[in-house]
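Per-entry structural report
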Amino acid sequence: MQTIKKLIAEKLKEGILSLGAPEAPEVADLSTMLEYPPDENMGDLALPCFKLSRTLRRAPVQIAAALADCLGDTVCVEKAEAVNGYLNITVSKEYLISNVLSGILAAGEKYGSSEVGRGKTVVLDYSSPNVAKPFHIGHLGTTVIGHALKKLHEFHGYECVGINYLGDWGTQFGKLIVAYKRWGNKEMIEQGGIDKLVELYVKINNAISGNAEQGIEADPALGDAARAEFKKLEDGDEENLALWRWFIDISLAEYEKTYKQLGITFDSYKGESFYTDKMPAEVAKLRDKGLLKIDDGASIVDLEPYGMPPCLILKRDGSTLYPTRDIAAAVYRKNTYDFDKAIYVTSAGQSLHFAQWFKVVELMGYDWHEKLVHVPYGTVSINGAKLATRTGNVVLLKDLFRAAIEEVSAIMTEKNPDIENKAEIAEAVGVGAIVFYYLSNSRIKDINFVMEDALNFDGNTGPYVQYTYARTCSVLRRAEGEGDSAPLAITAPDEAALLKVLAKFPERVSAAIADYEPSVITRYILDVSAAFNRFYHNCQILNATDPAVRATRVELTRATNVVLGNAFPLICLKKMEKI
Ligand code: ARG
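Residues take numbers from 1 onward in each chain, read along the sequence in its written order. Local features in this predicted model are restricted to residues whose pLDDT is 70 or higher, and side-chain atom pairs enter the listing and the counts only when it is 80 or higher, whereas totals over whole chains, interfaces and linings include all residues. Computation of side-chain values covers all heavy atoms of the structure but excludes hydrogens and water.

1. Remarks on the packing of aromatic side chains
- Only rings of Phe, Tyr and Trp enter the pairing, Trp through its six-membered ring, and a pair is recorded when the two centres are within 6.5 Å. The plane angle decides the type: under 30 degrees is stacked, over 60 is edge-to-face, the rest tilted. The full count for this structure, using the stated rule, is 30 aromatic pairs.
- Residues Tyr275 and Tyr332 carry aromatic rings whose centres are separated by 5.7 Å and whose planes lie at 75° to one another, so their mutual orientation is edge-to-face. You can see Tyr275 sitting in the loop between helix 10 (238-262) and helix 11 (279-288) and its partner Tyr332 sitting in helix 12 (residues 322-337), a full 57 residues away along the chain.
- Burial classes follow relative accessibility: with a 1.4 Å probe on protein chains only, a residue under 20% of its type's maximum area counts as buried, one over 50% as exposed, and anything between as partly exposed. Under the relative-accessibility criterion, Tyr275 is labelled buried at 1%.
- Should the NZ of a Lys or the CZ of an Arg lie within 6 Å of a ring centre and within 35 degrees of the ring normal, that charge is described as sitting over the ring. Seen from the ring of Tyr366, Lys285 lies directly overhead, with NZ or CZ sitting 4.2 Å from the centre.
- Stacked on the ring of Tyr158, the Lys or Arg Lys341 has its end atom at 5.6 Å from the ring centre. Only runs of H or I of at least four residues qualify as helices and only runs of E of at least two qualify as strands under DSSP, and these elements are numbered from the N terminus.

2. Brief notes about the confidence of the model for the protein chain
- The quantity known as pLDDT measures the predictor's confidence residue by residue, on a range of 0 to 100. On average, residues of the protein chain score 92 in pLDDT, and 97% of them are at 70 or above.
- Only heavy atoms matter for contacts: two residues are in contact if any of them lie within 4.5 Å across the pair. This stretch, residues 387-391, has a pLDDT under 50; its non-local contacts, to residues over four places away or in other chains, come to 14 contacts.

3. Overview of the side chain of Asn211
- The topology assignment puts Asn211 in the loop between helix 8 (186-209) and helix 9 (220-234).
- Its relative accessible area of 14% is what places Asn211 among the buried residues.
- For this analysis, a polar contact is any N or O atom pair within 3.5 Å, provided that within protein one partner can donate a hydrogen and the other can accept it, and provided that sequence-adjacent residues contribute only side-chain to side-chain pairs. Side-chain polar atoms of Asn211 contact the backbone nitrogen of Glu213, separated by 3.2 Å.
- Apart from the residues within four sequence positions on either side, Asn211 is in contact with Asn206 and Ile216.

4. Focus on the pattern of salt bridges
- Whenever Lys or Arg places a side-chain nitrogen within 4 Å of a carboxyl oxygen from Asp or Glu, that contact is recorded as a salt bridge. Per the counting criterion, the structure on display carries 27 salt bridges.
- Here Arg118 ties to Glu115 by a salt bridge, and the two come within 2.6 Å at their closest N and O atoms.
- Residue classification places Glu115 among the partly exposed positions, given a relative accessible area of 46%.
- We note a salt bridge from Glu362 to Lys359, for which the minimum N-O separation is 3.1 Å. Linking Glu362 with Lys359, this pair stays in helix 13 (residues 351-363), spanning three residues, or about one helical turn.

5. With respect to the pairing of strand 6 (residues 292-295)
- Judged from the four bridges that link them, strand 6 and strand 7 (residues 298-301) form a sheet pairing that is antiparallel. Across the sheet, the residue bridging to Asp295 is Ala298, located in strand 7.
- The loop that links strand 6 with its antiparallel partner strand 7 comprises two residues; one of these, Asp296, has a positive phi angle of about 50°. Think of it this way: DSSP has to see at least two bridges between two strands before they count as a pair.

6. A look at the site of the ligand
- In this text, near means that some heavy atom of the residue lies within 4 Å of the molecule or strand in question. Every residue near the ligand is listed here: Asp125, Ser128, Asn130, His139, Tyr165, Tyr322, Asp326, Tyr344, Thr346, Gln350 and Phe354.
- Between the ligand and Tyr322 there is a distance of 2.8 Å, counted from a nitrogen atom to a side-chain nitrogen or oxygen.
- Accessibility throughout is a Shrake-Rupley quantity obtained with a 1.4 Å probe, and a residue counts as covered only by protein chains that appear here. Computed on the free molecule, the ligand has an accessible area of 350 Å², of which 88% lies beneath the protein chains in the complex.
- Every element with two or more residues in the shell around the ligand is listed here: helix 12 and strand 9 (341-347).
- Nonpolar residues are Ala, Val, Leu, Ile, Met, Phe, Trp, Tyr, Cys and Pro. Charged residues are Asp, Glu, Lys and Arg, and all others, Gly as well, are polar. Here the residues of the shell around the ligand are counted per class, giving four nonpolar, five polar and two charged.

7. Quick look at unusual backbone geometry
- Even without a glycine there, the phi angle at Ser128 is positive, about 40°.
- Here Ser128 shows up in the loop between strand 4 (121-125) and helix 6 (138-155).

8. Description of the environment of Asp546
- Relative to the helices and strands, Asp546 is located in the loop between helix 20 (519-538) and helix 21 (547-567).
- With 407 residues separating them in the primary sequence, Asp546 and His139 have C-alpha atoms 53 Å apart.
- Within the structure, the side chain of Asp546 is placed 2.8 Å from the backbone nitrogen of Ala548, a separation counted as a polar contact.

9. Let's talk about helix 6
- To estimate the expected span of a helix, count its residues, drop one, and scale the result by 1.5 Å. Its 18 residues give helix 6 an end-to-end C-alpha distance of 27 Å, which sits within 8% of 26 Å, the value for a rise of 1.5 Å per residue.
- Across the 18 residues of helix 6, 15 count as buried, placing the element largely inside the fold.
- Note on helix 6: the residue one or two positions beyond its end, Gly157, has a positive phi of about 90°.

What follows is the structure, given as structure tokens:
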């Protein structure tokens, strides 16, 4: 539709000028002024003429009528009508076939992509779990939104760097080392992996702070021991360094399994520890610029003039903090990648943190501060229960995936027991169901996870759209090898409706990028699936007797296959030819 809108906008501009306006809006602006009417009887596109009425000094009704006349001979327009100050436009079916359909098929894998990002680099910081703490469903958001944003930017030609900023440094390692030395041993961790680490972590937290429910009394001495072990680690103690590396390796191996299920890879795993020696230079810069204030012994940047609490840079004991590290990491990334945009995907709970240190970077005089973008998302709960982190009362991402895969396996055993690669398909459908369900919501909304809804093959779900894609594959397999030289033509309303939805893909990709909103793609995939299934049920494809009708329908199926095939990877959804 982007091309169609542009063609129409060019004509409209001519029309506006011929009405005697000294100047007309730009083609690009006129293009965005074209709306999709709520009801198909109003045409496919509509231009509200109210805004134009001031510059043109005429009533909207008159403008709409005059512009309708001037669109009369535009190739892509079948009908242009003035209705109550709106110009309603119906797109020509011939044009849809000769340009849109053939355009989709010719572009293939490239359909929907663009080159606007060519030569520019986008750095994306996402997933970034905290080692030794559970990788739970609260991390689903950053992981899949982050990866979707990476895929979307790549689709627009940007060079993308996906960074997993592992939480691999901090006092939690002191705690873990104490817990390991007290209650753990090598075999136990080798066998139990990350689950054992998390168990130890939960146990030491309970021991330090106490847990009334479990009748555990607080033991502050353990907290001191943990701080001492962390200090030793910071000072380069060999034994602690070795333990630390080992804990990270074990955790990473586990995360990799989850990433593999999602089809996610990272370009960099430089975690928090990497920036330890890069912070002093930034602290010095803050000091030189006179930005640091001492407050109760701690060093802060006062952000009161900007309506925010102070940004903490150094604790009283001189140790650094979360913002300090983020500032040093941003400087490093700017120097390393010379990014045009640096995107950070985290829960909305961290919005203040990002606003604060972005401001500090600005005050430090880094002119690239405007290129920093925080993309927040809402909280996730499961059937209503909020997820706690420290107490061990959490739902792990891998368990959620496992549960979904098991359920899909059971459904498949019932519906399609003889299918090949059953395990692989069950994994793609199970994991896809969760991802799709999650990404169907606007990212900022809090969501409550209901497994049955996510897995419903008949609802607006991952399995449903994956099934639709497999259906297009099946039609195409059966149509294979047949001549399709018959001239194509639209003969049924459901064909035109489908093609119009397919025509919207490029602008949906642009909108998803502009708003950092993968749900635009998820919803679009549902629109395509609905339009295709309606077409599939109402129009005979392979059994159509007229060769031109049959050929048109096969090509429409092929175009649907192209669009879904291009859209799925943008939201971490795997495509399967058979389900
Ligand atoms: N590790 C952090 C957490 O789990 C997220 C890190 C986000 N990225 C950043 N550059 N601060 O809360």
